[in-house]
Amino acid sequence: MRKLAFGAVLALAAGLAQPLKVAILWHQHQPPYENPLTGQYEGPWVRMHGVNDYPWMAEVLLEFPEIRVSFDYTSTLLKQIQDYLSGKAKDAYWRVSEKPASALTPEERAFVVERFFDINPRFVAESPRYQELQAKKNRGEAFTDQDLTDLRVLWNLLWINRDYIAKDPGLQALRKKDRGFTQEDLNYVLRKHLELMATILPLHRKLWEEGRIDLLTTPYYHPILPILLDKEAIRESNPALALPKEPIAWPEDARWQVRAGKAYFQALFGKEPLGMWPPEGAVSQKAAELYAEEGIGFLVTDEAILGRSGFPVNPLTLTRPYHVEKDGKRLVLFFRHRDLSDRIGFSYSQMPAERAVEDLIAALLEIRRQVIGQNPEAVLTLALDGENAWENYPENGNAFRRLLYRRLSEEQRKGTLKTVRFSEVLGLPSVAIPRLATGGWAGDFAMWAGEPEENEAWDRLSRARRAVLAYKEAGGDPKVAEKAMGLVYAAEASDWFWWYGQDTAFPNNPPFDEAFRALLQAVYKTLGKEPPEELFVAARPPIAPQGAPGRVKPTLDGKAEPEEWKGAAYLPDPDGAAMQTPDDLLRGVYVGFDEGNVYLRVDLRDGVLPRDLVGQGFRLHVYATAPGEEGGAAFPEGSRVSLGFPLQQRITLDLDQVGEGEAVLVRYAYRDGAWVLASSPADLRGRRAYVGEVVEMRIPYTTLKAEPGDTLRLAVVLEKGGKVLDTVPNANPLSLALPQRLAGREVLVLKDPEEDEHGPGTYTYPKDQAFAPFKGLFDLLEMRVLDSGATWTFVFAFKEMTNPWGAPAGFSHQLLNVYLDFKEGGRTDPFAKGAKVAFDPEHPWDLFLKAAGWPQYGQRVGFPEGTDTADGIVVGSNPADKQVIVQLEKRYFNPAPGQRVCLYVLVGSQDGYGPDHFRPVGKEAGPWNLGGAENEDAPLVVDYLWPEKGVQEAMLSRYGGGKYALLKPYCVTWP
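Residues numbered from 1 in each chain as written. Predicted model: local features only at pLDDT ≥ 70, side-chain atom pairs only at ≥ 80, totals over all residues. Heavy atoms only, no water.

**Side note on the state of the cysteines**
Test applied: Two cysteine sulfur atoms make up a disulfide if the distance between them is within 2.5 Å. Secondary structure follows DSSP: runs of H or I at least 4 residues long count as helices, runs of E at least 2 residues long count as strands, and numbering of each begins at the N terminus. Partly exposed describes any residue whose relative accessible area lies between the buried limit of under 20% and the exposed limit of over 50%, with all areas from a 1.4 Å probe on protein chains only and scaled to the type maximum.
Under the criterion given, the structure shown has one disulfide. Between the sulfur of Cys902 and that of Cys971 lies a disulfide, 2.0 Å long from S to S. Here Cys902 and Cys971 share a disulfide; its torsion about the S-S bond, 105 degrees, makes the bridge right-handed. Taken together, the residues Cys902 in strand E35 (residues 900–909) and Cys971 in strand E40 (residues 970–973) connect sequence positions 69 residues apart. Judged by its relative accessible area of 2%, Cys902 falls in the buried class.

**Observations regarding helix H22 (residues 398–414)**
Let me state the cut-off plainly: Here, expected helix span is obtained from the residue count minus one, scaled by 1.5 Å.
With 17 residues, H22 should reach 24 Å at 1.5 Å per residue; the first-to-last C-alpha distance of 25 Å fits that figure. Along H22, the residues that are buried comprise Asn398, Phe400, Arg401, Leu403, Leu404, Tyr405, Arg407, Leu408, Ser409, Glu411 and Gln412. Residue Gly415 follows H22 closely and has a positive phi angle near 85 degrees.

**Points about the sheet that holds strand E26 (residues 780–787)**
Heads up, the condition is: Criterion used throughout: strands pair if DSSP finds at least two bridges between them. Lines fitted to C-alpha atoms define the axes, with helix axes restricted to the stretch in contact, and inter-axis angles between N-to-C directions lie between 0 and 180 degrees.
An order of E25-E26-E27-E34-E33 is seen for the five strands of this open sheet, with the pairing classed as antiparallel. On the outer flanks of this sheet lie strand E25 (745–751) and strand E33 (873–878), each paired with one strand and no other. Neighbour-to-neighbour, the strand axes of the sheet open up by a mean angle of 20 degrees, direction not taken into account.

**A look at unusual backbone geometry**
Pro729 follows Val728 through a cis peptide bond whose omega is -5 degrees. Inspection of the secondary structure assignment puts Pro729 in the loop between strand E23 (723–728) and strand E24 (734–737). One non-glycine residue, His222, adopts positive backbone phi at about 65 degrees. Mapped onto the fold, His222 is located in the loop between strand E3 (213–216) and helix H14 (225–229). Overall, the relative accessible area of 1% leaves His222 in the buried class. A positive phi angle, near 50 degrees, is found at Asp916, a position not held by glycine.

**Things to note about the pattern of salt bridges**
How we decide: Here a salt bridge means any side-chain nitrogen of Lys or Arg lying within 4 Å of a carboxyl oxygen belonging to Asp or Glu.
Inspection of every chain in the model, using the stated rule, returns 85 salt bridges. Between Glu34 and Lys88 there is a salt bridge, with the nearest N and O atoms lying 3.7 Å from each other. Separated by 54 residues along the polypeptide, Glu34 in the loop between strand E1 (20–28) and helix H2 (45–50) and Lys88 in the loop between helix H4 (75–86) and helix H5 (92–97) bring together distant segments of the chain. The shortest N-O distance in the salt bridge between Glu293 and Lys326 comes to 2.7 Å. Note that Glu293 is positioned in helix H17 (residues 285–293) and Lys326 in strand E6 (residues 322–326), a separation of 33 residues in sequence.

**Focus on the packing of aromatic side chains**
Our working rule: For Phe, Tyr and Trp, where Trp contributes only its six-membered ring, two rings pair if their centres lie within 6.5 Å, and the inter-plane angle classes them as stacked under 30 degrees, edge-to-face over 60, or tilted in between.
Counted according to the given criterion, the structure contains 65 aromatic pairs. Taken together, a centroid distance of 4.0 Å and an interplanar angle of 15 degrees make the contact between Trp256 and Tyr489 stacked. Taken together, the residues span a long stretch of sequence, with Trp256 in helix H16 (residues 251–269) and Tyr489 in helix H24 (residues 478–491) at a distance of 233 residues. Taking the relative accessible area as the measure of exposure, Trp256 reaches 31% and is therefore partly exposed. Three or more aromatic residues link up through ring pairs in this structure, and these residues are Tyr33, Trp458, Trp496, Phe497, Trp499, Tyr500, Phe512 and Phe516.

**Let's talk about the pairing of E35**
E35 sits mainly inside the fold: nine of its ten residues count as buried. Here strand E28 (residues 814–821) pairs with E35 via eight bridges, running antiparallel. Looking across to E35, one finds that Tyr819 is bridged to Tyr904. Summarising the sheet, E35 and E40 pair through four bridges and their orientation is antiparallel. Within the sheet, the bridge partner assigned to Arg900 lies in E40 and is Thr973.

**Digging into the side chain of Glu108**
What counts is decided by this rule: For this analysis, a polar contact is any N or O atom pair within 3.5 Å, provided that within protein one partner can donate a hydrogen and the other can accept it, and provided that sequence-adjacent residues contribute only side-chain to side-chain pairs. It only takes one pair of heavy atoms within 4.5 Å for two residues to be counted as in contact.
Here Glu108 lies in helix H6 (residues 106–115). Of the residues examined, Glu108 reaches a relative accessible area of 18% and is grouped as buried. Polar contacts involving the side chain of Glu108 include one to the side chain of Lys99, which spans 2.8 Å. A polar contact of 2.9 Å, which involves the side chain of Glu108, links it to the backbone nitrogen of Thr105. Excluding anything up to four places from it in sequence, Glu108 contacts Val96, Lys99 and Ala103.

**Points about the environment of Gln952**
Take Gln952: it is sitting in helix H28 (residues 951–956). Considered as a pair, Gln952 and Asp752 are 200 residues apart in the sequence and their alpha carbons are 9.9 Å apart. Aside from chain neighbours lying at most four places away, what touches Gln952 is Asp756, His758, Gly759, Val942, Asp943 and Tyr944. Within the structure, the side chain of Gln952 is placed 2.9 Å from the backbone oxygen of Gly759, a separation counted as a polar contact.

The quantities given are spatial measurements derived from coordinates; they are silent on function.
Here is the structure:
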């Protein structure tokens, strides 16, 4: 017995002496930027990362011979690197860079001024000349040839990794010079770009052959494989997501993507990859079985999938390999630690490198302490984008990455941590997963499907694919069909769908929309068919007007009376203000509404009155969507320029039909490729326009086929003789959210102090202009509860509400977490990691409500055991009244009159990339983070419901030393 006991002690000691294995995966990917209609490359991002991240990420490993990491390179990225080196690829930025400034066309000059500030503000701040040029652009001043040359040199130069600039005397001299560049200087920088890109593949191949890195790849075009296999995967990932209407079940496409990715990788590197990063981390049981059938050894995906597959997510479970089997073929799965991966990707850029690295090392050592005794072979996976994070870091992230590798090397020598390649640990015992859940690195597939624009993109793809199959079945040329199908494969890439919808309303959405539509247009043209009209409708995020559309009660008389339009939003037309051409007549549009009508006021440029246009053949049109309808015209009549949304209805004011300043508005609907008269006599008296100093219009909801709570997209167009003269907005629609009708008996009102959206009293707003007016957006004023029969309606009023990113629920910034304590039991920690607070042990919560402007970021009901649902909760808003509205079915919460109910109402700043969608708080505010935190334990709560002043600040300020602020609930007697 003593010998056995002693042996057990020795075994335990040996286990405790083992290092925690750390497998790091850097994912490198770019979508295809080649326009299939023109053959030209457009986006420059392969080149920009090719002179900054790709070579440097491999080269820095030469300084740390003990470190082992893995890289994933997608086929689309690898091919484009090769195309640059062969001379085939010259992106739009390169093409305008290699021309002397004097030879640039007016369109090219405008392109340079508009797009050569596509770089992180950190780099602009490092160059006095760059700052001058940005200020000049902001003032709207014309750029000289020297300005354009300097701007192009600086943009191309500063994208190069600073280590490479420091090592190259020529680049270093240009960096110090900072201004007064020549075309020869620009050509020198472009030559250096190709020299750096030429080192990428040979260096990675060398490191792989030496066993210092693993190289992985993905299915060829980086598609979301589970959706290709079956569109039901979208709903499997999140039951609240709507499905595309067209059929999607294309296992043959999914298999082609996997095989093509393997084949291209092998052609470049001489052998097949052992594993793959599934695009967007997206997996499902069907997808895993396909990967196994195709001989893929392992995948890396997100911890959320492990949880959904029936396993608890904790350090012990996350440090074990798992597997799925199909017909005797085994696929090993590694699940990344999301929090630590996201800290590198998003959080550590806001911290000094030393503190960030020590935070990560401490977290890894703590995980080792927790797991190594039970599992001496524990493997922790960190997996993240290896490209985009670094430009947000000080010094381009070079200092952080060097220090991270240095500290990992030190711990490796101590025997506490050990970096490994995935191929080294494939033989470790793995746990069988009976059925793998569906999802990806973001949890569900909401970033790629579910919103109308995303689903329409899938439907367009499905229809194009069906056209190819029909061509083949009709006996068409096999080579033509193969070429067209190749374009379909390219259109299956996840990147196109990422940019659609309002969950990613980034400013460079248009190039991706145009590229996707060009791919599908090319499918039809390859088949000898005319592309359908839908492929010429640009998908544009709504433009942000000055102020939010609100309630107005104008006297319709055609007079410019500002007081009548105080509650309206105003959308200026820059062209009209600048009077660039005689046709630029529109100066701006005011938009507002009441309970049954939409009101518009159209102003013309200085010196032109609308009444002067009467009888001259002018017509003023309001183009709009029709809620619930599909299709629509691609272009307004008299133009081939998309307004950024499908044109489903048109309300027309004919200025030749104006009598004594008054006219009747006429509605047209788009049907079967033509505009048809669709006005009804029922609302004839309501449809009115008055033409005088300004044009004032009243359009009933009934005319617009809209109901309270609907959202419309619209634009105003001035036309004469069948030719469009001017539009407002120019390319992006205006989004108009009509107010909901709140029904029910008011049962509770709780006030909150004004101007307390500062958390513990120190928080400041992020600096990006999207957060204007930089006050009031997170300032909760009151919470009302209405008894609406089968539901409770919670109404949260804020001091300000804007929607710069076009969230479908009508508000972009506010994130509400409501915890209710109304029965025995419950939890005292948040439903998910994010808010960084703790709850009163005497009042554990029983129900959690999450509300945000996007379904995937909020609109959930959560329960103490960790489950949640989108069923039974509806989130909306009344932007005009600055209200977030949450309707909750009483089956979840129905206290008896007189019952004690306690509430925790937390307001955060919504961030799609933040922990549980809370925006981070740093010591100093940045473009995208709040400021005012003392340390990393700071709560992410910006406002907290408590009627008495000062209580919120006292509670939220007690944090630090590893402890979160403890919140007390506000308790009421339910009426």
